Every structure is written in C-alpha cells, then in structure tokens.
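Chains, contacts and geometry: an overview
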Amino acid sequence: MKIEILSIAMSDIQFGQQFYEQQQEGLGAYFLDSLFSDIEALLLYAGIHQQFFGYYRALSKRFPYAIYYRVNGQTIQVWRILDCRQRPSRIVSALKAN
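Residues numbered from 1 in each chain as written. Predicted model: local features only at pLDDT ≥ 70, side-chain atom pairs only at ≥ 80, totals over all residues. Heavy atoms only, no water.

Where an unreviewed UniProt entry is consulted, the protein chain appears under the name Plasmid stabilization system protein, with the organism given as mine drainage metagenome.

Right, dumping it as structure tokens:
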C-alpha cells in the first residue's frame, strides 16, 4: 500500500503547524512529526476506523486532530486533517466540500 496526502490535507497540516509554532517555539515541528507518524500508522491500520460522511477517521495520538481518509485499491488517500476542537458543523461542511 501507499499513502497519498492530498493538497487540501497538506494545507490543514501547515495551518496546524503554524498555530502550534505560535504557541511555543518548536511545538510546530513536534506537531508535524506526530501527525506524520499517525499518517504512517495508516499503512498498518487503514480501514479499521469508524466512518463519518464516507471517510474513515483516525484520531491523532498527541494532538486534538482527526485524519480523514479513504482507501482506494492499494492507495490510502488522506483527504483532510481537521482540528476536533472546532464546531461540528464546520467539520461537516469541510468534509462535504470534497
């Protein structure tokens, strides 16, 4: 299997990284390392997570973020990486926009 991170998901990651870097120097880099580790874990665990709006949802281990992905054949497509602290209606609209 291989992992494909879509550009909108990369934008989500960059936004989160900038937010955490503003909170404390170096925390943004830790956020990136943690999220990419969670994404890499999908190579082992893809498809076992609960589905929401047609996407599987894997929760990050260290940050309040959810990784929304789909499995297409031998490819894991990461569609969005969203902050779980936002209003649920915002998450729904972000997922339905794809």
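1. Description of helix 2 (residues 27–40)
In an α-helix, one full turn covers 3.6 residues, which means residues spaced three or four apart are oriented alike. Under the convention used in this document: A helix here means a DSSP run of H or I that spans at least four residues, while a strand means a run of E at least two residues long, and both kinds are numbered starting from the N terminus. By definition here, a helix of n residues has an expected span of 1.5 Å times n minus one. When accessible area is computed with a 1.4 Å probe and restricted to protein chains, residues below 20% of their type maximum are described as buried, those above 50% as exposed, and intermediate ones as partly exposed. The directions considered for the arc are those from the helix axis to the C-beta atoms. The criterion used for residue contact is that any of the two residues' heavy atoms lie within 4.5 Å.
Relative to the 20 Å expected for 14 residues at 1.5 Å per residue, helix 2 spans 20 Å between its end C-alpha atoms, a close match to the ideal helical length. Burial in helix 2 covers these residues: Gly28, Phe31, Ser34, Leu35, Asp38 and Ile39. Projected onto a plane normal to the axis of helix 2, the buried residues spread over an arc of 135 degrees and lie on a single side. The exposed set on the far side of helix 2, more than 90 degrees from its buried face, consists of Asp33 and Glu40. For helix 2, the elements touching its buried residues are strand 1 (2–5), helix 1 (7–23), helix 3 (42–45), strand 4 (65–72) and strand 5 (75–83).

2. Points about the pairing of strand 5
Going by this rule: Two strands are counted as paired when DSSP detects at least two bridges linking them.
The buried count for strand 5 comes to 9 of 9 residues, which makes it a mostly enclosed element. Pairing of strand 1 with strand 5, which is carried by 4 bridges, proceeds in the parallel orientation. Each residue of the ladder has a partner; that of Ile5, found in strand 5, is Val78. Bridge count between strand 4 and strand 5: 8 bridges; the pairing is antiparallel. Pairing of Ala66 across the sheet is with Leu82, part of strand 5.

3. Some points on the pattern of salt bridges
Definition in use: Take a side-chain nitrogen of Lys or Arg and a carboxyl oxygen of Asp or Glu: if they are within 4 Å of each other, that pair is a salt bridge.
Following the criterion strictly, the structure yields 2 salt bridges and no others. Arg80 is the salt-bridge partner of Asp12, the closest N and O atoms lying 2.8 Å from each other. One end of the pair, Asp12, is in helix 1; the other, Arg80, is in strand 5, with 68 residues separating them in the sequence. A single burial state applies to Asp12 and to Arg80, both of which are buried. One salt bridge in this structure joins Asp83 and Arg85, with 2.8 Å as the shortest N-O distance.

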